[in-house]
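Examining the three-dimensional arrangement
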Amino acid sequence: MRISVIGCGYLGAVHAASMAELGHEVTGIDVDPAKIQALQAAQAPFFEPGLTDILESAMASGRLSFSTNIADAKGAQVHFVAVGTPQKKGENAADLTYVDAAIDALIPQLGVSDLVVGKSTVPVGTAERLAEKIEAGSGATLAWNPEFLREGFAVKDTISPDRLVYGLPAGEKGKKAKQLLDEVYATALSNDTPVVATDYATSELVKVSANAFLATKISFINAMAEIAEVAGADVTALADAIGYDARIGRRFLNAGVGFGGGCLPKDIRGFAARAEELGRGESIRFLLEIDKINMRRRERMVEMVIEALGGQVYKKKVAVLGLAFKPDSDDVRDSPALDVAVRLNGLGAHVIATDPEAIPNSIRLHPQLGFATDTMDALNHADAVVLVTEWKEYRNLDPVEVGKLVRDKIIIDGRNVLDPVQWRAAGWIYKGMGRP
Ligand code: UGA
């Protein structure tokens with residue numbers, strides 16, 4: 001099929017390359033010339049495992065091209081809209097400027113039998129509004145097809161999704177839209193991927209409620225960590241024990257410095273704001289509490305560093321291991337790790353932060369921090385070590401070897417991924433979050 005993908009950020013670039021990998025003929029379009037130039041050279045504009053490989057193979061096959069010109073979307077049968085919906089400045093609601101701009105630019109390129117497919121995360125009610133605009137401007141149809149990819153696994157999640165959700169209009173238009181989507185996702189469907197075909201509003205809500213549930217799970221266990229801290233209990237053992245109950249499940253029950261990234265934080269805020277607009281604010285006002293629990297963990301982490309350093313961090317060298325919001329990503333949007341580094345720096349600590357991939361993005365936002373590309377340089381003569389993103393290389397650090405580099409053997413494990421027994425045996429003061 002001929003496909004266009006409007007917006008080539010984390011979502012769009014991966015989607016465009018994956019669709020070409022699946023055999024479709026794809027044009028990726030973005031207003032950012034630097035991004036398009038990189039993609040045209042088969043270079044991923046951000047770190048995402050596997051993306052460069054599929055960009056290279058798809059570009060070589062001739063099935064994938066990129067452009068800054070929206071007119072290049074003309075002639076495609078299916079147009080995916082994958083632009084960002086960030087949080088509005090100073091408000092909880094989502095900013096739909098880019099979605100509206102993309103749709104407005106796309107409409108003149110559309111034919112009556114074209115299908116526009118929204119992938120961006122939007123407040124419920126958006127698809128209905130956009131469908132009217134598209135219908136009036138071109139006669140084309142809109143479907144909503146939310147994306148559930150995780151950064152770090154984005155290629156796998158796009159090529160082999162765990163489910164497909166189609167938000168469709170009623171009647172004949174909906175049937176045709178479903179046929180086209182089934183054709184786009186033929187490979188996944190041949191592998192028995194479940195499909196939930198539903199209306200626009202449900203599909204929009206599926207996306208935000210999935211992220212709200214995940215955020216709630218993380219803040220739930222972090223709330224237990226807060227209690228464990230005062231009760232002298234161990235939240236990791238607690239998570240293991242409740243996780244054995246299949247109804248609860250162990251995944252997304254890792255307590256620590258909390259969630260960040262370009263999705264969970266802004267999506268729960270946007271969802272809460274939308275519920276207020278719909279007159280049902282009370283139904284999900286607890287999400288604001290989930291947000292607060294999450295933000296408190298960052299403060300707690302900083303407090304723990306201060307306590308461990310005997311009451312103040314001023315002029316103390318603190319090695320911060322990790323800047324990305326999670327491992328296998330260079331994304332520092334709303335990253336708890338970067339936030340902790342910035343807070344410690346603000347208190348006068350001599351922060352040396354490191355990360356395998358996220359240093360360039362961190363420097364752009366916070367040039368005031370100290371950075372080291374080599375983990376060993378960051379650790380050298382440190383008064384305390386803070387692990388905030390659980391990259392494999394940090395999880396595998398040898399406490400004996402690291403002990404030879406630092407000034408003081410103090411480690412605060414903001415992700416509860418190190419073995420306290422092993423670190424303490426090597427002479428370290430080990431502190432986890434929600435662990436005695
Ligand atoms: C999230 C969802 O997991 C995806 O399904 C969704 O498609 C995506 O948002 C999106 O809306 O686009 P992602 O932002 O890539 O994906 O990251 P997650 O893997 O969900 O992790 C989010 C944050 O939670 C990270 O900071 C991570 O460190 C933290 N986390 C995760 C915990 O603190 N504890 C856990 O047990 C799990």
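Residues numbered from 1 in each chain as written. Predicted model: local features only at pLDDT ≥ 70, side-chain atom pairs only at ≥ 80, totals over all residues. Heavy atoms only, no water.

1. Brief notes about the site of the ligand
The full set close to the ligand counts 21 residues, and Leu 149, Glu 151, Lys 207, Asn 211 and Phe 325 are the nearest of them. A distance of 2.8 Å separates an oxygen atom of the ligand from a polar atom in the backbone of Glu 151. Within the side chain of Lys 207, an N or O atom sits 2.7 Å from an oxygen atom of the ligand. Within the complex, 91% of the 720 Å² of free accessible area of the ligand lies under protein. (Near = heavy atom within 4 Å. Polar contact = N/O pair within 3.5 Å; in protein donor to acceptor, adjacent residues only side chain to side chain. Areas by Shrake-Rupley, 256 points an atom, 1.4 Å probe, with all protein chains shown as cover.)

2. A few points about the pairing of strand β10 (residues 350–354)
With respect to burial, β10 is a largely interior element, 4 of its 5 residues being buried. Where strand β9 (residues 317–321) lies against β10, 5 bridges are found, and the strand directions are parallel. Looking at β10, one finds that Val 318 is bridged to Val 351. The pairing of β10 with strand β11 (residues 370–371) spans 2 bridges and is parallel. Of the residues in β11, the one forming a bridge with Ile 352 is Gly 370. Taken together, β10, helix α14 (residues 359–365) and β11 constitute a β-α-β crossover, and its handedness is right-handed. (Buried < 20%, exposed > 50% of the residue type's maximum accessible area, 1.4 Å probe, protein only. Helix = DSSP H or I, 4+ residues; strand = E, 2+ residues; numbered from the N terminus. Pairing = 2+ DSSP bridges. Right-handed = clockwise from strand over helix to strand, strands pointing away.)

3. Thoughts on unusual backbone geometry
Phi is positive for Phe 252, which is not a glycine, with a value near 65°. Note on placement: Phe 252 falls in the loop between α10 (235–243) and α11 (264–277). When its relative accessible area of 37% is taken as the criterion, Phe 252 is described as partly exposed. Positive phi, normally seen in glycine, also occurs at His 381, with a value near 60°. Of note, His 381 is situated in the loop between α15 (375–379) and β12 (384–387).

4. Quick notes on the sheet that holds strand β14 (residues 429–432)
The 6 strands are arranged β11-β10-β9-β12-β13-β14 in an open sheet whose pairing can be described as parallel. Two strands in the sheet have a free side with no partner beyond their single neighbour: β11 and β14. The sheet contacts of helix α12 (residues 286–308) involve β9, β12, β13 (410–413) and β14, and relative to β13 the element is tilted by about 165°. On the sheet, helix α13 (residues 336–346) packs against β9, β10 and β12 and is oriented at approximately 170° with respect to β9. (Contact = heavy atoms within 4.5 Å. Axes fitted to C-alpha atoms, helices over the stretch in contact; angles between N-to-C directions.)

5. Comments concerning the packing of aromatic side chains
Throughout the structure, instances matching the rule amount to 5 aromatic pairs. For the ring pair Tyr 166 and Tyr 185, a centre distance of 6.5 Å and an interplane angle of 20° mean the geometry is stacked. Of the two residues, Tyr 166 is situated in strand β7 (residues 164–167) and Tyr 185 in the loop between α7 (171–184) and α8 (186–190); the sequence distance between them amounts to 19 residues. Judged by its relative accessible area of 0%, Tyr 166 is buried. (Phe/Tyr/Trp six-rings, centres within 6.5 Å; stacked < 30°, edge-to-face > 60°.)

6. What about α13?
Listing the buried residues of α13 in full gives Pro 336, Ala 337, Leu 338, Asp 339, Val 340, Ala 341 and Leu 344. At the N-terminal end of α13, a side-chain oxygen is found 3.2 Å from the backbone nitrogen of Ala 337, two or three residues along, and the residue is Ser 335.

7. Observations concerning the pattern of salt bridges
Inspection of every chain in the model, using the stated rule, returns 34 salt bridges. Its salt-bridge partner being Arg 163, residue Asp 162 comes within 3.1 Å of it at the nearest N-O pair. Here Glu 401 and Lys 404 are joined by a salt bridge, their closest N and O atoms 3.0 Å apart. One end of the pair is Glu 401 and the other is Lys 404, both in helix α17 (residues 399–405) and 3 residues apart, which spans about a single turn. Of the residues examined, Lys 404 reaches a relative accessible area of 60% and is grouped as exposed. Here the salt bridges do not stand alone but share partners, grouping Glu 226, Glu 229, Arg 296, Arg 297, Arg 300, Glu 303 and Glu 307 into one network. (Salt bridge = Lys/Arg side-chain N within 4 Å of Asp/Glu carboxyl O.)

8. A short note on the packing of helix α1 (residues 10–21) against helix α3 (residues 51–61)
As a packed pair, α1 and α3 sit with axes 9 Å apart at the nearest point and diverge in direction by 50°. When the axis of α1 is compared with that of α3, the two are oblique. Crossing angle aside, the handedness with which α1 passes α3 is left-handed. Along its contact with α1, which presents Ala 13, Val 14, Ala 17, Ser 18, Ala 20 and Glu 21, the element α3 presents Leu 51, Ile 54, Leu 55, Ser 57 and Ala 58. (Parallel < 35°, antiparallel > 145°, perpendicular 65-115°, else oblique. Left-handed = near helix turned anticlockwise from the far one by under 90°.)

9. What to know about the nonpolar core
One finds Leu 344 and Val 385 to be the most contacted residues of the largest nonpolar core, which totals 47 residues. Every element with two or more residues in this core is listed here: α12, β9, α13, β10, β12 and β13. (Core = buried A, V, L, I, M, F, W, Y, C linked by side-chain atoms within 4.5 Å.)

10. Re the side chain of Asp 100
On the secondary structure map, Asp 100 appears in helix α4 (residues 97–106). By relative accessible area, Asp 100 is classed as buried at 16%.

11. Describing the domain arrangement of the chain
Domain assignment breaks the chain into domain 1 (2–198) and domain 2 (199–436). A straight line from the C-alpha centre of domain 1 to that of domain 2 covers 31 Å. On the domain 2 side, the residues contacting the 35 residues of domain 1 number 29 residues. For the pair domain 1 and domain 2, the summed buried area comes to about 2,600 Å², and 58% of that belongs to carbon and sulfur atoms. When the buried surface of domain 1 facing domain 2 is broken down by residue, Phe 47, Val 124 and Glu 151 rank first, second and third, together holding 28% of it. Here domain 1 and domain 2 share 1 salt bridge between them. Where Arg 333 meets Glu 151, a salt bridge forms, and the shortest distance between an N and an O atom there is 3.3 Å. In this structure, the connection of domain 1 to domain 2 is made through 16 residue pairs in polar contact (both at pLDDT 80 or more). (Domains from an automatic or database assignment. Buried area = accessible area lost by both parts, 1.4 Å probe.)

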